[in-house]
Structure formats: structure tokens, C-alpha cells
Amino acid sequence: MHCHILPGVDDGSKSMEMSLKMLEMEYRQGVRHVLLTPHCFAGQTQPELLKVQFDELCEQAAEHFPKLQLYLGNELMYSDTIVEELAAGNAYTINQTNYVLVEFYTDISWKQLGNALRRIGSEGYRPILAHMERYECLMRHTERVDELISQGVVMQMNSDSVNGGLFDRQAAECRKLVESGRIHLFGTDAHRIGWREPKLAEGVRTLHKKIKDEKLLYRILMENPGKILAGEYIAF
């Protein structure tokens, strides 16, 4: 539900060959649905290029992994013009639904973050907060996560964030957020071979080892992603 496997469009995969290798890694881990979310910055949108690359990757992937389904979206860096970019078709929602994957600079203030997400929601979009564990204003005050969820914000966490030993406080806090039901989606945020490769299975194994609520994990890993890709409402 969050990766940079589309080739030659951002700081992710650099070639079609690399993209196919990354999809093979996903496939071997049991993944059958991949949402491609290349970065999108205000004033630097390139929807036509993304569509061309997406169509070509779909064609190539169909030959190698016939059961693999690909979907297109963007990871939107928030700006004051983001809503206008979406309305103009210069940025992609998730699989043509009203869900949008949005990121911010990690040192954003709590007030700025809340105001931005409320603005996106007020325009009829359903914001998904990308790699929510990176934002200092949330991780230092995790009760604020509940406030955002109450406003309809979907929380996405990177799969490697739950990995860590007994003394890894950040990983422990991430697992607590998952166990408490505050995380709704997992994603690899994979970029390329040799740097942030797609390793979803490792994080999933950690979750199954540390968290015994199988219904909760099914909802995060299967049910919620399916509903989002179909544009269906997720009830928290």
C-alpha cells in the first residue's frame, strides 16, 4: 500500500529491470496486490509520465507474475496547492478513489499537521497519513493519534518500523500502536534494490509473533487495503 517501484519517476526504482526484480521480491513474500505511490511535489507533477510507465510496468508484470495486480496512486508531499493539484488531475488519488496518501516533513508542528489533514478531509478526500511513525509531534504525544483518527484520518505504518529487539523503544512503541488498533495499513515504502528493499514479510512475521489478535492483523493486512483500493469506507 506504499512503495516506489514505478521505474524512472522519483527516487525509487531506476529501471524497468529493477522494478521487475522488486515485484518478484514482493511476489515471493506472498504479495498479490501492489499499490505504486511515486512521490508527487507541488509544481513538479507528471501525471502523463506516471501513466505511461504504469501501463508499461503492468504489461511487463503480467508476463512474469500473472496473478499480481498493480494499482496507481501518489505519495503527495503536502502543500497549500495540493487540493487544487488533485482537482486538476495533476496528482493521483489511490486507484481513482477519494483516498489520498499524504506525507509531511517530519518536524511539522502538531497544529500544522492537524490543520492540513482537516483541510484535505473538508474537500471530500480521505487522507492516509504516510509512515505516521516518523512525525515527532505524534510519537511524543500518541494521544494525538486518536484525535486524527476521530477526524477520519487513516494511519499507515512502514513494515520495518515494528522490527527491533527488547531495547528498541521506537519499535516497541510502534508495536503498541498496532496492538491498540491505531494503525490501519502497512506498507514497505520500498525504494530500490540496495536501499529500502521491499521486505514486507519480515514485519508481518514480527506482528504475528508479538500480537496475538489475528482479527486485528487480518484487518490491517487484508481487509483495510482491499476496501481502500475499492474506494469503500473504513470504519474505525
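Residues numbered from 1 in each chain as written. Predicted model: local features only at pLDDT ≥ 70, side-chain atom pairs only at ≥ 80, totals over all residues. Heavy atoms only, no water.

A. Summary view of the pattern of salt bridges. Under the definition given, this model contains 8 salt bridges. In this structure, the salt-bridge partner of D55 is K51, at a minimum N-O distance of 2.9 Å. Taken together, the residues D55 and K51, both in helix α2 (residues 47–64) and 4 residues apart, mark about one turn of the helix. Taking the relative accessible area as the measure of exposure, D55 reaches 36% and is therefore partly exposed. You can call K51 partly exposed: its relative accessible area is 38%. Of the charged contacts in the structure, one is a salt bridge between D189 and R134, with a shortest N-O distance of 3.0 Å. Of this pair, D189 sits in the loop between β8 (185–187) and α8 (200–210) while R134 is found in the loop between β6 (126–129) and α5 (136–139), placing the two residues 55 residues apart along the sequence. (Salt bridge = Lys/Arg side-chain N within 4 Å of Asp/Glu carboxyl O. Helix = DSSP H or I, 4+ residues; strand = E, 2+ residues; numbered from the N terminus. Buried < 20%, exposed > 50% of the residue type's maximum accessible area, 1.4 Å probe, protein only.)

B. The arrangement of the packing of α8 against helix α9 (residues 214–229) in detail. Contact geometry for α8 and α9: axes closest at 10 Å, N-to-C directions at 160 degrees. Judged by the inter-axis angle, α8 sits roughly antiparallel to α9. By crossing handedness, the relation of α8 to α9 is classed as right-handed. Only E214, L217 and L221 of α9 make contact with α8, whose side of the interface consists of V204, L207 and H208. Across the contact of α8 with α9, the residue classes break down as 4 nonpolar, 1 polar and 1 charged. (Axes fitted to C-alpha atoms, helices over the stretch in contact; angles between N-to-C directions. Parallel < 35°, antiparallel > 145°, perpendicular 65-115°, else oblique. Left-handed = near helix turned anticlockwise from the far one by under 90°. Contact = heavy atoms within 4.5 Å. Nonpolar A, V, L, I, M, F, W, Y, C, P; charged D, E, K, R; others polar.)

C. Main features of the side chain of S19. Tracing the sequence through the fold places S19 in helix α1 (residues 16–28). Note on S19: relative accessible area 0%, which makes it buried. When near neighbours in sequence (up to four residues on either side) are disregarded, S19 contacts I5, L6, P7, S13 and L57.

D. Spatial organisation of the packing of aromatic side chains. Throughout the structure, instances matching the rule amount to 3 aromatic pairs. Measuring from ring centre to ring centre gives 6.3 Å for F104 and Y135, while their planes differ by 80 degrees; the resulting arrangement is edge-to-face. Of the two residues, F104 is situated in the loop between β5 (99–103) and α4 (110–122) and Y135 in the loop between β6 and α5; the sequence distance between them amounts to 31 residues. Exposure class is identical for F104 and Y135. Each is buried. Members of the aromatic cluster, connected to one another through ring pairs, are Y78, F104 and Y135. The side chain of R32 reaches across the aromatic face of Y27, ending 3.6 Å from its centre. The ring of W195 is capped by R196, whose NZ or CZ atom sits 4.9 Å from the centre of that ring. (Phe/Tyr/Trp six-rings, centres within 6.5 Å; stacked < 30°, edge-to-face > 60°. Lys NZ or Arg CZ within 6 Å of the ring centre and 35° of its normal.)

Note that all results are geometric; they support no functional claim without further evidence.
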